[in-house]
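Spelled out, the chains give:
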Amino acid sequence: MQSIKAAVCRAFGEPLVIEDILIAPPGMGEVEVTLDAVAICHSDISFASGAWGGHLPAVYGHEAAGIISAVGDGAGDFRIGDHVVVTLIRACGSCPSCAGGKPTVCETPYDTINGPLRTVDGGPLEQAMACGAFAEKVVVSHRQIVRIPETLPKDLASLLSCGVITGVGAAVNAAELRPGQDVVVIGAGGVGLNAIQGARIAGARRIVAVDMTEDKLDIAMEFGATHGVLASLKQPWKAAYKALGGRGADAVLITVGAIRAYDQAPRYLGSGGKAIMIGMPHSGDMSSYEPVVLAALGQGLIGSKMGDVVIQRDIPWMIDLYEQGRLKLDELISGRWALSQINEAIEDTKTGAAKRNVILFNHD
Ligand SMILES: [Zn+2]
Ligand SMILES: [Zn+2]
């Protein structure tokens, strides 16, 4: 075991504690990645607040990029020195979901308590989301990582491991948007802006962003939204119909956690439309809808985890889009912070004004 620095959650709702932890060398099929960057996602904040339960102490963080520093046996063709993004999608590769092309919902459980992390005195330490990337290094399955060009800055690359694939993937893989379709995206935050980009890349005709402030709607327009609607309106779907020439949307992508958005989402749909549930409400939050309307109009409610991506297929595609100027990454970052500033970065993310805050590791 080697000692590294990490931001550890010791109590839900309390600031993370920067401390030394122990990390095991990579086992069968695993690699060790020395991280350059990790972005802060609302999922990390939900976990740290206790919204989804889980064991403590724990290390969160799951949107990371770095360089492979050790390789276990059976880790494919990965080598020390490879530049990679690290995702939370620890797919086994052989269960029915993986074999059926949906590794994001792999059915083989992974024991995050008995993973590679221990507290400095040898006690249990949860490797949350199979990553534990609020730390200088991670040990993960080779199936969780994708090689990237050395020239792609790691702060930009880290965004590809969650927010970007979740948003773009939801539009392309889950909603299966076709050119000419109309889309509503609820929420113009880290995932929502990428859902907007995904809809644009898929060739959507009109893209209506729905959010709480004019500022967020202005940013949404920069990412490809054609119209903006304030969520604070009494019946925001009526403003969306107007933007869509009097009809409902072919797809509504719900990228926020607020449960009200899920209650309202089917109202934005036209005949045959699909509501794609992407955001992650707190456990126990319930939503209601009118089944007869869905049946009569042939509409669908679909959950989408991590954009239904196959990372080995979709991340190289998105890197090409970025390099061709067809996918925005630079504009998604609102702040860069040191690991020692992680609690400030989390507070800034909680305000909802930030896009993505990224922690940069300083290795010297
Ligand atoms: Zn995330
Ligand atoms: Zn599997």
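Residues numbered from 1 in each chain as written. Chains lettered and ligands numbered in written order. Predicted model: local features only at pLDDT ≥ 70, side-chain atom pairs only at ≥ 80, totals over all residues. Heavy atoms only, no water.

Let us look at the overall build of the protein chain. Along its length, the protein chain carries eleven helices and 18 strands. A globule of 364 residues ought to have a C-alpha radius of gyration of about 21 Å, and the protein chain, at 20 Å, matches this closely. Dimensions of the protein chain, computed from C-alpha atoms along their principal axes, come out at roughly 60 × 40 × 35 Å. Within the protein chain, buried positions represent 56% of all 364 residues. When contacts within the protein chain are restricted to residue pairs at least 6 apart in sequence, long-range pairs at least 24 apart make up 69% of them. Total accessible area computed for the protein chain in this model is approximately 14900 Å², and 52% of it derives from carbon and sulfur atoms. In the protein chain, the 30 positive side-chain charges and the 39 negative ones have mean positions that sit 8 Å from each other. (Helix = DSSP H or I, 4+ residues; strand = E, 2+ residues; numbered from the N terminus. Rg over C-alpha atoms; globule rule 2.2 N^0.38 Å. Buried < 20%, exposed > 50% of the residue type's maximum accessible area, 1.4 Å probe, protein only. Contact = heavy atoms within 4.5 Å. Areas by Shrake-Rupley, 256 points an atom, 1.4 Å probe, with all protein chains shown as cover. Lys, Arg positive; Asp, Glu negative; His and termini not counted. Charge placed at Lys NZ, Arg CZ, Asp CG, Glu CD.)

Bringing the packing of helix α4 (residues 163–174) against helix α10 (residues 311–323) into the picture now. At a minimum axis separation of 11 Å, α4 and α10 run at an interaxial angle of 105°. Viewed along their axes, α4 and α10 adopt a mutual orientation that is roughly perpendicular. Here α4 contributes Val-164, Ile-165, Val-168, Gly-169, Val-172 and Asn-173 to the contact with α10, which in turn contributes Ile-311, Arg-313, Asp-314, Ile-315, Trp-317 and Met-318. For the contact of α4 with α10, the class distribution of residues is eight nonpolar, two polar and two charged. (Axes fitted to C-alpha atoms, helices over the stretch in contact; angles between N-to-C directions. Parallel < 35°, antiparallel > 145°, perpendicular 65-115°, else oblique. Nonpolar A, V, L, I, M, F, W, Y, C, P; charged D, E, K, R; others polar.)

Summarising the metal site, the zinc ion (ligand 1) is bound by the protein donors Cys-41 (SG), His-62 (NE2) and Cys-162 (SG), whose distances to it range over 2.0 to 2.3 Å. For Cys-41, a relative accessible area of 5% corresponds to the buried category. Take Cys-162: its relative accessible area is 5%, and that puts it in the buried class. (Donors = N, O, S within 2.8 Å, 3.2 Å for Na, K, Ca; no water.)

Within the open sheet, the six strands sit side by side as β13-β12-β11-β14-β15-β16. Their pairing is parallel. With partners counted over all chains shown, the strands left at the sheet margins are β13 (227–230) and β16 (300–303), one partner each. Put simply, the sheet's adjacent strands are angled 20° from each other on average, direction ignored. In this fold helix α6 (residues 214–222) packs onto β12 (206–211) and β13, with an angle of close to 160° to the strand it touches most, β13. Packing of helix α7 (residues 236–243) onto the sheet brings it into contact with β11 (182–186), β12 and β13, and relative to β13 it is tilted by some 165°. (Pairing = 2+ DSSP bridges.)

Here we take up the coordination of the zinc ion (ligand 2). Taken together, the protein ligands of the zinc ion (ligand 2) are Cys-92 (SG), Cys-95 (SG), Cys-98 (SG) and Cys-106 (SG), with distances of 2.3 to 2.4 Å. Note that the zinc ion (ligand 2) binds four donor atoms; their angles at the metal cover 104 to 117°, and the shape is tetrahedral. Read in sequence order, the donor residues coordinating the zinc ion (ligand 2) give the pattern C-x2-C-x2-C-x7-C. A relative accessible area of 21% places Cys-92 in the partly exposed class. (Tetrahedral: all angles 85-135°; square planar, octahedral: opposite > 155°, others 65-115°.)

Let us look at the domain arrangement of the protein chain. Examined at the domain level, the protein chain breaks down into domain 1 (2–162 + 332–360) and domain 2 (167–303). Tallying the contact residues gives seven residues for domain 1 and twelve residues for domain 2. Between domain 1 and domain 2, the buried area comes to about 830 Å², and carbon and sulfur atoms account for 58% of it. Counting the surface domain 1 buries against domain 2, the share from its top three residues, Trp-52, Leu-332 and Lys-355, is 56%. There are zero salt bridges connecting domain 1 and domain 2. On inspection of domain 1 and its partner domain 2, the count reaches one residue pair in polar contact (both at pLDDT 80 or more). Among the residues forming the side of domain 1 that touches domain 2, the class breakdown is three nonpolar, two polar and two charged. (Domains from an automatic or database assignment. Buried area = accessible area lost by both parts, 1.4 Å probe. Salt bridge = Lys/Arg side-chain N within 4 Å of Asp/Glu carboxyl O. Polar contact = N/O pair within 3.5 Å; in protein donor to acceptor, adjacent residues only side chain to side chain.)

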